[in-house]
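Per-entry structural report
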Amino acid sequence: MMDSAAVTGSELRDLYRELILDHARQPRHFGSLADATHGAAGINPLCGDKLQLHLKLGASGQIADIRFEGSGCAISVASASLMAEAVNGLHSEDALALFAAFNAQLTTDIPASDNNLGKLGAFQGVKEFPSRVKCATLAWHALRSALAGDQQIATTE
Ligand code: ZN
């Protein structure tokens, strides 16, 4: 965990910006998944972000593997990449709880230092830009659809 007391607010913002740009340029868990058991598409018509999420769920309900494909703005791609890193290996219920915490960060005034989101805290600044909240949550909506077993398309609209 980053010690937020040791850095100033603007340094933290710079670190977060770097993290988002890094994941937007080189998304982790990008590609298809041959033995996927679940999947969902996500579309954010407002921005033009599109992604297809592939999951492999283990017998006990944990996310054994995750990949995504698609294209979109830096925030949507970075969010999908960081989400994939964060939920890989989690039980599906814990992944959905993480979505709730991530969503709360973007829609409420919980201080970033209190949310225990780790790298996902990088998106706290997105709260200032309501139209971008949909970019940041697109992959998560697709994850929820995939875990629910829906084959329908998750849309932010
Ligand atoms: Zn976007």
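First, a word on what this report is: a plain description of the structure on this page. Counting from 1, residues in each chain are numbered in the order their sequence is written. Only residues with pLDDT of at least 70 get local features here, since the model is predicted, and only at 80 or more are side-chain atom pairs given and counted; chain-wide, interface and lining totals rely on the full set of residues. Side-chain measures were taken over the full set of non-hydrogen atoms in the model, leaving aside hydrogen atoms and water.

Quick word on helix H1 (residues 9-25)
As a reminder of what qualifies: Secondary structure counts use DSSP, requiring at least four H or I residues in a row for a helix and at least two E residues in a row for a strand, with both numbered from the N terminus. A helix is expected to reach a length of 1.5 Å times the quantity of its residues less one. Burial classes follow relative accessibility: with a 1.4 Å probe on protein chains only, a residue under 20% of its type's maximum area counts as buried, one over 50% as exposed, and anything between as partly exposed. As used here, the arc belongs to the directions running from the helix axis to the C-beta atoms. Whether two residues touch is decided by their heavy atoms; if any such pair falls within 4.5 Å, the residues are in contact.
With 17 residues, H1 extends 24 Å between its outermost C-alpha atoms, agreeing within 8% with the 24 Å of an ideal straight helix rising 1.5 Å per residue. Of all the positions in H1, only Leu12, Tyr16, Leu19, Ile20 and His23 are classed as buried. Take H1 and look down its axis: the buried residues cluster within an arc of 95°, on one side only. Of the exposed residues in H1, the ones pointing more than 90 degrees away from its buried face are Glu18 and Arg25. Where the residues of H1 are buried, they touch helix H2 (74-87).

Brief notes about the environment of Ala74
As for its position among the elements, Ala74 is in helix H2. Measuring from C-alpha to C-alpha, the distance between Ala74 and Gly58 comes to 30 Å, with 16 residues separating the pair along the chain. In this view, Ala74 contacts Ile20 and Ala24; residues no more than four positions away in its chain are not counted.

Focus on the coordination of the zinc ion
Quick note on the threshold: Only nitrogen, oxygen and sulfur atoms within 2.8 Å of the metal, or 3.2 Å for Na, K and Ca, are treated as donors, and water is left out, so sites may look incomplete.
Cys47 (SG), Asp49 (OD), Asp49 (OD), Cys73 (SG) and Cys135 (SG) make up the full set of protein donors to the zinc ion, lying at 2.2 to 2.7 Å. Each donor residue of the zinc ion belongs to the same chain, with the gaps between them written as C-x1-D-x23-C-x61-C. Placement of Cys47 in the loop between strand S1 (38-44) and strand S2 (49-57) and of Cys135 in helix H4 (residues 130-148) is noted, with a sequence separation of 88 residues between them. By relative accessible area, Cys135 is classed as buried at 1%.

Quick word on the pairing of strand S3 (residues 63-71)
Here is the rule: Here, a strand pair is defined by DSSP locating no fewer than two bridges between the strands.
Alignment of S2 against S3, held across 8 bridges, turns out to be antiparallel. Across the sheet, Lys56 pairs through a bridge with Asp65, a residue of S3. Counted along the chain from S2 to the antiparallel partner S3, the turn is 5 residues long, and its residue Gly61 has a positive phi close to 95°.

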